[in-house]
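Letter by letter, the chains look like this.
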Amino acid sequence: MSGYAPRKGDWAVITGAGRGTGRFLAQHFAAKGMRICALNIDAYEAEQTARLCGEDSRGRGCDVSDRDETMEVAEKLIAQGVEPALLWINAGVGSADTVSTVKPHTLDWLMGVNVLGPVHTAQSWLPSLKKQVGPKHVGITASSASVVPVSGPFTLYATTKQMTAAVGEALAAELAEEQIGVTILCPGILNTQIWNAAQARPERFGGARSAPDEAGEHWRAQPGPEVLAEGIDTVLGRGGGWCIVPTEGRTESLMEHRHRAQHHGFFHYAIKPSKD
């Protein structure tokens with residue numbers, strides 16, 4: 001599959017673009033001449049990102065956990081001429097909950113944004129993207145937690161992010177025949193506000209809740225999303241694939257440990273040919 005190079009004037013639609021990694025992605029592709037459609041659950045933050053990306057860019061509110069809303073927003077924007085050559089499925093939320101103790105509304109929230117959100121986004125925008133002439137690409141933001149063994153205290157978050165990456169792999173398989181590449185971005189811990197994601201949590205998932213400022217100390221000590229730039233450009237130039245940018249020194253060894261454990265658990269057996 002040939003590499004993807006952003007073209008000046010093409011539209012890039014990016015979810016979760018109000019701040020953090022999403023805002024970085026928006027500015028990164030705007031700097032390459034693309035027009036940006038920034039989507040975010042907080043419409044004001046989406047509009048702020050759009051202003052940073054140039055007068056031709058747009059910002060809209062969109063809750064990707066709500067399929068009807070996601071479809072409606074896409075339909076309206078496409079009718080206004082926002083037809084993406086690049087779709088980056090970035091919206092995600094974090095929570096320090098475990099599979100065995102999570103409350104139902106928190107589970108619904110994490111699954112709604114991190115797992116169903118990518119599906120809703122793909123279903124809403126891919127038909128338009130496929131119609132575009134010229135280079136096209138899809139990105140999806142998973143996490144380094146998608147590729148290492150699940151560990152506490154964010155075991156449920158890691159679980160959902162492994163599902164996010166799986167959606168990316170599914171899209172790669174589905175779009176391969178149409179020569180549309182998919183990049184699965186797996187950042188390490190970055191200086192973003194994902195630790196305080198519940199401040200924008202909808203009422204149906206328990207409502208907004210702000211974490212104490214000291215809860216973000218570990219995240220503020222990490223590098224910003226700008227460290228992703230080289231990896232993203234390299235993988236897009238290859239036509240897509242995994243883009244793993246760790247910020248923790250143990251990520252590579254943990255990945256290797258996971259792969260060794262999988263291989264150790266692999267048992268060969270004689271497969272009999274089927275009879276016609």
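Here the residue numbering is sequential within each chain, running from 1 through the sequence in written order. With the structure being a predicted model, the display of local features is reserved for residues of pLDDT at least 70 and the display and counting of side-chain atom pairs for 80 or more, all residues being used for whole-chain, interface and lining totals. Side-chain figures throughout are based on the complete set of non-hydrogen atoms in the structure, without hydrogens or water.

Within a regular strand, side chains alternate between the sheet's two faces. Throughout, exposure labels follow a simple rule: accessible area from a 1.4 Å probe, protein chains only, divided by the maximum for the residue type, with under 20% read as buried, over 50% as exposed, and the rest as partly exposed. Strands here are runs of E lasting at least two residues and helices are runs of H or I lasting at least four, both read from the DSSP assignment and numbered beginning at the N terminus. Among the 6 residues in strand β2 (residues 35-40), 5 count as buried, and that is most of the element. Each pair of strands is called paired provided DSSP finds at least two bridges between the two strands. Across 4 bridges, strand β1 (residues 11-14) lies against β2 in parallel orientation. Looking at the pairing, I14 lines up with A38 of β2. Crossovers are described as right-handed under a simple rule: with the strands pointing away from the observer, the path leading from the first strand over the helix to the second runs clockwise. Considered for its hand, the β-α-β crossover made up of β1, helix α1 (residues 20-30) and β2 is right-handed. In the sheet, β2 pairs with strand β3 (residues 58-61) via 4 bridges, with the strands oriented parallel. Looking across to β3, one finds that N40 is bridged to G61. Note on the crossover from β2 through helix α2 (residues 43-52) to β3: the handedness is right-handed.

Okay, the environment of G16 next. Mapped onto the elements of the fold, G16 is located in the loop between β1 and α1. Residue classification places G16 among the buried positions, given a relative accessible area of 16%. A C-alpha to C-alpha distance of 10.0 Å links G16 and T141, two positions 125 residues apart in sequence. By the convention used here, residues are in contact when the closest approach between their heavy atoms is within 4.5 Å. Here G16 is in contact with G22, R23, L39, N40, N90 and A91, once residues within four sequence places are set aside.

Attention shifts here to the sheet that holds strand β6 (residues 181-187). In a beta sheet, neighbouring strands pair by backbone hydrogen bonds and run either parallel or antiparallel. Pairing in this open sheet of 7 strands is parallel, and the strands run β3-β2-β1-β4-β5-β6-β7 from one edge to the other. Pairing within the sheet leaves two strands with one partner each, and these edge strands are β3 and β7 (241-245). Averaged over all adjacent pairs, the angle separating strand axes in this sheet is 15°, with direction ignored. Each axis is a line fitted through C-alpha atoms, taken for helices only over the stretch in contact, and angles between the N-to-C directions span 0 to 180 degrees.

The subject of this paragraph is the pattern of salt bridges. When a carboxyl oxygen of Asp or Glu is within 4 Å of a side-chain nitrogen of Lys or Arg, the pair counts as a salt bridge. Counting across every chain of the model gives 6 salt bridges. D233 is paired through a salt bridge with K32; the nearest N and O atoms lie 3.5 Å apart. With D233 in helix α7 (residues 229-238) and K32 in the loop between α1 and β2, this pair connects stretches of sequence that are 201 residues apart. According to the relative accessible area criterion, D233 is partly exposed, its value standing at 32%. Judged by its relative accessible area of 33%, K32 falls in the partly exposed class. D63 is the partner of R204 in a salt bridge, and the nearest nitrogen-oxygen pair spans 3.0 Å. Residue R204 is found in the loop between β6 and α6 (217-220), and its partner D63 is found in the loop between β3 and α3 (67-79); the two are separated by 141 residues along the sequence. Classification of D63 as buried rests on a relative accessible area of 7%.

With that settled, consider the side chain of T164. Within the fold, T164 resides in helix α5 (residues 155-175). When neighbours within four sequence positions are excluded, T164 is seen to be in contact with N114, P118, I140, T141 and A142.

Okay, the pairing of β1 next. Of the two faces of β1, the one carrying W11 and V13 and the one carrying A12 and I14 are both buried. Across 4 bridges, the pairing between β1 and strand β4 (residues 84-89) is parallel. Across the sheet, the residue bridging to W11 is P84, located in β4.

Between α1 and α2, whose axes approach to 9 Å, the crossing angle comes to 25°. Overall, the two elements α1 and α2 adopt an arrangement that is roughly parallel. You can see that α1 and α2 cross each other, and the crossing is right-handed. Here α1 contributes R23, A26 and Q27 to the contact with α2, which in turn contributes E45, Q48, T49 and L52. Here the term charged refers only to Asp, Glu, Lys and Arg, the term nonpolar to Ala, Val, Leu, Ile, Met, Phe, Trp, Tyr, Cys and Pro, and the term polar to all other amino acids, Gly among them. Of the residues in the contact of α1 with α2, the class split is 2 nonpolar, 3 polar and 2 charged. Any angle between 65 and 115 degrees counts as roughly perpendicular, while under 35 counts as roughly parallel, over 145 as roughly antiparallel, and the rest as oblique. Take the far helix as the reference: if the near one is turned anticlockwise from it by less than a right angle, the crossing is left-handed, and if turned clockwise, right-handed.

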